[in-house]
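# Descriptive structure summary
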Amino acid sequence: MALLRDIAQIIKSKNAGPFMLTIDVLFEDASIYRQVKATGVLNAALFARLYNVAEADVLFTPYDTALAFKATLPRLVPAGDFGDTDVYGAQQHAPLLDVEVPLNLR
Amino acid sequence: MSAPLSYTMLSTSGILGYGFAEESLRAGMTRNPSIIGCDGGSTDPGPYYLGAGKAFCSRLSIKRDLRLMLQAAVAAGIPCIIGTSGGAGGEPHLQDTAALVREIAREEKLSFRMALIHAEVDRALLTRRVGEGRTRALAKQPALDAGTIERATRIVGMMGPEPIARALDQGAQVILAGRSSDPAQWAAPAMRAGMQPAPSWYAGKMLECGAEPTTPKEPDCLLVTIEGDHLYCEPPNPIRRCTPLSVANFSLHENSSPIHHVEPGGLLDTSDVLFEAVTDRVVRVSGMRWTPAETYTVKLEGVELAGYRAITICATRDPVLIAQVDAYLATHKAKVQAKAAAFGVPAETWRMAVRTIGRDAVMGERELFRGPAPHELGFVVEVLAETQDVANAVLAMARTSLLHADFEGRLCKEGNMAFPFSPSDIELGALYRFSVFHTVAPDDPYEMFPIEHEKV
């Protein structure tokens, strides 16, 4: 088992407009990206569970050319509205850090 | 006029006012760019700045960046383009930026032709477009209606490259655009020079945030050179590099989809893009495609007033309180409701939100971590009401109550919270919320964006 934080080079979140949050996971090594993709661990259902939204509300796209996975889902509160906690959406990545990927690398 | 073989553009920073190294600009200018520019804004800092008509960068930092850019552009005899001027690209934002440009020109004895491109919408025209069925909601928002348009404090349209290219055709050297699609200020001069649409739009995507596609990633300058159907990204500052990872990372920035980018007038498809290292600090990007849209659409952004807020910040170091914080906050809310009602402010006229720092202040209901209690907890208390006076009054009661309320096993009988500041209560002023997030199909790309020229 490997933790995502130990095998990905970038794990980040940001607004995609005021109503959506977009989360990216990038790899520098094409072989590791391909292996992670092959495990199928990263998918819309995982993001739905981690962010407590319906799977239908998650737009999940593997982007081979960038060795990246992207998931876009609704924000909890529109950016800057009453009760918002993260106007830029830049600190919503943490639930992904400890996702376990069934790979034995190195 | 035949198209040049290559076309180089220099972006100074992620946002005008974020700053950049002066040496980067100098080094970048030795590469003879055809244009320099900077994006002036974003919706990212939230709805307040569009509503209040204010910039989210300081006048001092914007003036510093603008001065260096104007001097460089005039010395080289090339255009300088600012997108989304003043942060949100509304009329006050545009006028404040124009006033800064005139001030700098006076101080530095610079002279040039300037164009302002306005982006606030004509509400009567937009209401007519709603009636004609030419507006569409984005991000699952309700359909646009006349009431929403009327209630909005300010609505801007996001211009495409066409009005910017027209301002260049009409002889402007300095262009201040109101709200504009981030890549448009770059796609405009590139396509006008005869470059292909796909790499021109993609170049705009790379340039919109300055040196963000580089490592180390900090606000600074970026050079992009378009050649035929591909482009090259390179930071002028020798301490930075573009790598396939740094460029790929930025290609995902703030988009819902990594492969389909909807722009005014078409779709940039990046499914088959290739990122290749040319040297250890230059990346070649190729394989992008541009499909013109059947209908030209303009994105709209608008905000409405949702009340007034006051906040306070405090923290507790008391383990007895920390162990029962949920119950304490629930009791606290009930007490504030009763006390506010006693001075004539019923509970249904205000709202209170408490963020508990050290527990779930970042992710709110989405926080999954349920670890041991920390030794201290911080609180940001927010009160929203119809007037500032009521927000202040309820917040003051919430602050007092948080400091002095009793709880089971209480030892700290002089007060439950550490308040770092006097005054403890902060007026946040108006709360605006995004109310318009739609598209509209105009008659042509120019009708919503009047161009005004002046000699500076």
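Note that the structure is a prediction, hence the values are computed from the model and not measured. By convention here, each chain's residues receive numbers from 1 onward along its written sequence. Chains and ligands are labelled sequentially in the order written, the chains with letters from A and the ligands with numbers from 1. With pLDDT at 70 or above as the cut-off, local features in this predicted model cover only qualifying residues; side-chain atom pairs require 80 or more to be listed or tallied, and sums for whole chains, interfaces and linings still use all residues. The basis for every side-chain value is the complete set of non-hydrogen atoms in the structure, without hydrogens or water.

### Quick word on the pattern of salt bridges
Residue and element names in this part refer to chain B. Using the following cut-off: Between Lys or Arg on one side and Asp or Glu on the other, a salt bridge is scored when a side-chain nitrogen of the former is within 4 Å of a carboxyl oxygen of the latter. Labels follow the DSSP assignment, with helices taken as runs of H or I lasting at least four residues and strands as runs of E lasting at least two, numbered in each case from the N terminus.
The tally for this structure, following the rule as stated, stands at 43 salt bridges over all chains. The salt bridge involving Arg 129 is made with Glu 447; its shortest N-O contact spans 3.0 Å. Taken together, the residues Arg 129 in helix α5 (residues 123-131) and Glu 447 in the loop between β18 (425-440) and β19 (451-455) connect sequence positions 318 residues apart. The shortest N-O distance in the salt bridge between Arg 240 and Asp 220 comes to 2.9 Å. With Arg 240 in the loop between β9 (230-234) and α10 (244-251) and Asp 220 in the loop between α9 (197-207) and β8 (222-227), this residue pair connects regions lying 20 residues apart in the sequence. What emerges from the salt-bridge pattern is a single network uniting Arg 59, Lys 63, Arg 67, Glu 103, Glu 107 and Glu 108.

### What to know about a nonpolar patch on the surface
Rules: Candidate patch residues must exceed 30% relative accessible area and have no salt bridge, after which like charges are joined if within 9 Å and Val, Leu, Ile, Met, Phe, Trp or Tyr side chains if within 5 Å. Only the protein chains shown count as cover for residues, and the accessible areas themselves come from Shrake-Rupley with a 1.4 Å probe.
Residues Ile 313, Phe 421, Ile 426 and Leu 428 of chain B make up a contiguous nonpolar surface patch of about 320 Å² in total accessible area. You can see Phe 421 of chain B is positioned in the loop between α13 (388-404) and β18.

### Structural notes on the sheet that holds strand β3 (residues 20-26) of chain A
Residue and element names in this part refer to chain A. Quick note on the threshold: Whether two strands pair depends on DSSP finding at least two bridges between them. Fitted lines through C-alpha atoms give the axes, limited to the stretch in contact for helices. The angle between two N-to-C directions lies from 0 to 180 degrees. By the convention used here, residues are in contact when the closest approach between their heavy atoms is within 4.5 Å.
Pairing is antiparallel in the open sheet, where 4 strands are placed in the order β2-β3-β5-β4. In the strand order of this sheet, the two ends are held by β2 (10-15) and β4 (59-63), each with one partner. Strand-to-strand, the axes of this sheet are offset by a mean angle of 15 degrees, without reference to chain direction. As judged from the 6 bridges shared by β2 and β3, these two strands associate in the antiparallel manner. Counterpart to Lys 14 in the pairing with β3 is Thr 22. Docked against the sheet, helix α2 (residues 30-39) engages β4 and β5 (68-74), running at close to 50 degrees with respect to β5.

### Description of the domain arrangement of chain B
Residues and elements named next belong to chain B. Under the convention used in this document: Where each domain starts and ends follows an automatic or database-derived domain assignment. Put simply, buried area is the surface a 1.4 Å probe can reach on two separate parts but cannot reach once they are joined, added for both. Gly is put with the polar residues, along with every residue not named as nonpolar or charged; the nonpolar set is Ala, Val, Leu, Ile, Met, Phe, Trp, Tyr, Cys and Pro, and the charged set is Asp, Glu, Lys and Arg.
Partitioning chain B into structural domains gives domain 1 (7-119 + 159-297 + 441-455) and domain 2 (303-435). Of note, the centres of domain 1 and domain 2, computed from C-alpha atoms alone, are 42 Å apart. Counting residues at the interface gives 7 residues for domain 1, matched by 5 residues for domain 2. Together, the buried faces of domain 1 and domain 2 total about 510 Å²; carbon and sulfur atoms form 81% of this surface. Interface area lost by domain 1 to domain 2 is led by Pro 47, Tyr 48 and Gly 51, which between them contribute 71%. Residue composition of the side of domain 1 that touches domain 2, grouped by class: 4 nonpolar, 3 polar and no charged.

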